[in-house]
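Coordinates in review
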Amino acid sequence: MSALTLVECPRDAMQGWAHFIPTEKKISYLNQLLKVGFDVLDFGSFVSAKAIPQLADTKDVVRRLDMSDTHTKLLAIIANTRGAEEAVQYDEISYLGFPFSISETFQLRNTNKTIAESLKQVEEIQQLCVARGKKLVIYISMGFGNPYGDAYNAETAINWFRKLNNMGIDIIAMADTVGVANPETISYIYRNLIPEFPGVEIGAHFHSTPATWEEKVQAAYDAGCIRFDSSLKGIGGCPMAEDELVGNIATENILQWAERKNIPLSLDKEAFAQAMLMSSEVFI
């Protein structure tokens, strides 16, 4: 077993890609990623095709993923109850991911709803997940600050975490949506959250510049976080944030970092190498 929980995020990589990636190419790439041994594959989304046209084919993709010889679980992003109602229809999907921003400005931009309206959506989606045997994963978006001037401090982020956990959600990732997190804030948040919530799976979804990814990962890990989201070659980020300078943390960097730190991983290296090659054909 790995000492880390690794969430590979091709959905995050694909969603802002300028040119439409053919459905067949997506399916082949995702099936290769399923062979690697990641714990979770954030593979697609059930959101407005107008908002994210790249992922309008998710319902076609999911039916053709080979789940017969993998322990990897599928996660789909949803932005409202309607999307959740569609996603829970698929037995292949284990997790529904909902971006809950604690920045009012960004929540409106990302989901076209206020924080108060989104909180109601979370309640409805959680009930739906429980009824259909799925798990809701909340991403606390703008969890380390925001560029819009909306009020922020670490205690506010922690209090939102408490509120969401009180709704029965036990997988929650702090998301550095625009790459503003610094190691001190990261350390403070995780050192407070992890002892207080031993029964909650607490994750880190960092966006970063290439120069600052390691200090973020290290600060979170040193504070007890072992669940990390990343994508091959660091492709992606949030198109709604409109910041081209930051993207996902590169999965290959996470793996090299873990090897340097003697953190055991249970991945198929040959399958990963093949996925790296395929990524150059997908993201062209």
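Structure shown above.
These remarks concern the structure in this document. Since this is a predicted model, take the numbers as computed values, not measurements.

For the rest of this paragraph, the subject is the pairing of strand β8 (residues 227–230). Burial along β8 is two-sided: the residues R227 and D229 and F228 and S230 are all buried. Both strand β1 (residues 5–8) and β8 contribute to a ladder of four bridges, which runs parallel. When the bridges of β8 are listed, L6 appears paired with F228. In this sheet, β8 lies alongside strand β7 (residues 201–208) in parallel orientation, the contact comprising two bridges. Bridge pairing in β8 links A204 to F228. A crossover connection joins β7 to the parallel β8 through helix α9 (residues 213–222); in handedness this β-α-β unit is right-handed.

Right, let's get into the pattern of salt bridges. Applying the stated criterion across every chain, the model contains 12 salt bridges. R11 serves as the salt-bridge partner of D42, at 2.6 Å between the closest nitrogen and oxygen. Pair noted here: D42 is in strand β2 (residues 40–46) and R11 is in helix α1 (residues 10–14), with a separation of 31 residues, a long-range link. Residues D42 and R11 agree in their burial class; the two are buried.

For the rest of this paragraph, the subject is the environment of L75. As for its placement among the helices and strands, L75 is situated in strand β3 (residues 73–78). For L75, a relative accessible area of 0% puts it in the buried group. Separated by 68 residues in the primary sequence, L75 and V7 place their C-alpha atoms 9.2 Å from one another. Not counting the four nearest positions on each side in its chain, L75 is found in contact with V40, L41, D42, F43, G44, Y95, G97, V137 and Y139.

A separate point is the packing of helix α2 (residues 23–34) against helix α11 (residues 269–282). At a minimum axis distance of 9 Å, the contact between α2 and α11 shows a crossing angle of 160 degrees. Overall, the two elements α2 and α11 adopt an arrangement that is roughly antiparallel. Between α2 and α11 lies a crossing of left-handed hand. Counting all contacts with α2, which are made through K25, S28, Y29, Q32 and L33, the residues of α11 involved are A271, Q274, A275, M278, S279, E281 and V282. Considered class by class, the residues forming the contact of α2 with α11 number six nonpolar, four polar and two charged.

Let us look at the nonpolar core. Ranked by internal contacts, the top residues of the largest apolar core, which has 83 residues, are F43, I138 and Y190. Setting aside chain neighbours within four positions, we find I138 in contact with F98, F100, V122, L164, I169, I171, I172 and A173. Residues V7, V40, V137 and Y139 belong to the second largest nonpolar core, which totals 10 residues.

This part takes up α11. Between its first and last C-alpha atoms α11 spans 20 Å; for 14 residues at 1.5 Å apiece the expected length is 20 Å, and the two agree. The inward-facing, buried residues of α11 contact α2 and α10 (251–260). Structurally, the start of α11 carries an N-cap: the backbone nitrogen of E270 is 3.0 Å from a side-chain oxygen of D268.

Scoring rules and cut-offs
- Residues numbered from 1 in each chain as written.
- Predicted model: local features only at pLDDT ≥ 70, side-chain atom pairs only at ≥ 80, totals over all residues.
- Heavy atoms only, no water.
- Buried < 20%, exposed > 50% of the residue type's maximum accessible area, 1.4 Å probe, protein only.
- Helix = DSSP H or I, 4+ residues; strand = E, 2+ residues; numbered from the N terminus.
- Pairing = 2+ DSSP bridges.
- Right-handed = clockwise from strand over helix to strand, strands pointing away.
- Salt bridge = Lys/Arg side-chain N within 4 Å of Asp/Glu carboxyl O.
- Contact = heavy atoms within 4.5 Å.
- Axes fitted to C-alpha atoms, helices over the stretch in contact; angles between N-to-C directions.
- Parallel < 35°, antiparallel > 145°, perpendicular 65-115°, else oblique.
- Left-handed = near helix turned anticlockwise from the far one by under 90°.
- Nonpolar A, V, L, I, M, F, W, Y, C, P; charged D, E, K, R; others polar.
- Core = buried A, V, L, I, M, F, W, Y, C linked by side-chain atoms within 4.5 Å.
- Expected span 1.5 Å × (residues − 1).
- Polar contact = N/O pair within 3.5 Å; in protein donor to acceptor, adjacent residues only side chain to side chain.

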